[in-house]
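Given next are the chains, with one letter for each unit.
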Amino acid sequence: MTARDPSQAASDPEAIARVFARCFKGRDGERALTFLRRLTVERCLPATAPAEELRDAEGQRRLVKLIETLVQRGNEDE
């Protein structure tokens, strides 16, 4: 597998985790993840929020948690 073949990398979970770890490495990466976390995971919606808004927020939270998990997993490989 070459690093330049995205179709191959997509089928290798460890390779994808390392890609995410590199993307979010350093101070800028940490700041970006902190921003995403505050925007989604730490956001509270009112009890009166429509179901569509709740589902949308949950999808965003799930995506941020996936990114955080991939970054953590990719950093463990180093």
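The structure this text deals with has already been given above.
Residues numbered from 1 in each chain as written. Predicted model: local features only at pLDDT ≥ 70, side-chain atom pairs only at ≥ 80, totals over all residues. Heavy atoms only, no water.

**Q** What exactly am I supposed to notice about the overall build of the protein chain here?
**A** Looking only at helices and strands, the protein chain features four helices and zero strands. When the helices and strands of the protein chain are read in sequence order from the N terminus, they spell out α-α-α-α. Expressed as a percentage of contacts within the protein chain between residues at least 6 apart in sequence, the contacts between residues at least 24 apart total 52%. When the accessible surface of the protein chain is summed, it comes to about 6000 Å², and 54% of that surface belongs to carbon and sulfur atoms. (Helix = DSSP H or I, 4+ residues; strand = E, 2+ residues; numbered from the N terminus. Contact = heavy atoms within 4.5 Å. Areas by Shrake-Rupley, 256 points an atom, 1.4 Å probe, with all protein chains shown as cover.)

**Q** Honestly, the pattern of salt bridges in this entry has me stumped. Any pointers?
**A** For side chains of opposite charge, pairing can occur when their charged atoms come near one another. The full count for this structure, using the stated rule, is four salt bridges. In this structure, the salt-bridge partner of Glu-53 is Arg-43, at a minimum N-O distance of 3.3 Å. Of this pair, Glu-53 sits in helix α4 (residues 51-76) while Arg-43 sits in the loop between α3 (26-39) and α4, placing them ten residues apart in sequence. Between Glu-58 and Arg-61 there is a salt bridge, and its shortest N-O distance comes to 3.8 Å. Linking Glu-58 with Arg-61, this pair stays in helix α4, spanning three residues, or about one helical turn. With a relative accessible area of 18%, Arg-61 lands in the buried category. Each of the salt bridges in this network shares a partner with another, and the network as a whole consists of Arg-37, Lys-65 and Glu-68. (Salt bridge = Lys/Arg side-chain N within 4 Å of Asp/Glu carboxyl O. Buried < 20%, exposed > 50% of the residue type's maximum accessible area, 1.4 Å probe, protein only.)

**Q** I keep staring at the environment of Arg-43 and nothing clicks. Help me out?
**A** Overall, the relative accessible area of 32% leaves Arg-43 in the partly exposed class. Each C-alpha atom of the pair Arg-43 and Arg-61 lies 9.2 Å from the other, and the pair is 18 residues apart in sequence. In contact with Arg-43, other than residues within four places in its own chain, are Arg-38, Glu-53, Ala-57, Gln-60 and Arg-61. Engagement of the side chain of Arg-43 in a polar contact is seen with the side chain of Glu-53, the distance being 3.3 Å. (Polar contact = N/O pair within 3.5 Å; in protein donor to acceptor, adjacent residues only side chain to side chain.)

**Q** Mind showing me how you'd approach α4 here?
**A** Quick reminder: α-helices carry 3.6 residues per turn. Residues three or four places apart thus point the same way. If you check α4, its first and last C-alpha atoms are 37 Å apart, about what 26 residues at 1.5 Å a residue would give, namely 38 Å. For α4, the full list of buried residues reads Ala-57, Arg-61, Val-64, Ile-67, Glu-68, Leu-70, Val-71 and Gly-74. Packed against the buried residues of α4 are α2 (13-23) and α3. (Expected span 1.5 Å × (residues − 1).)

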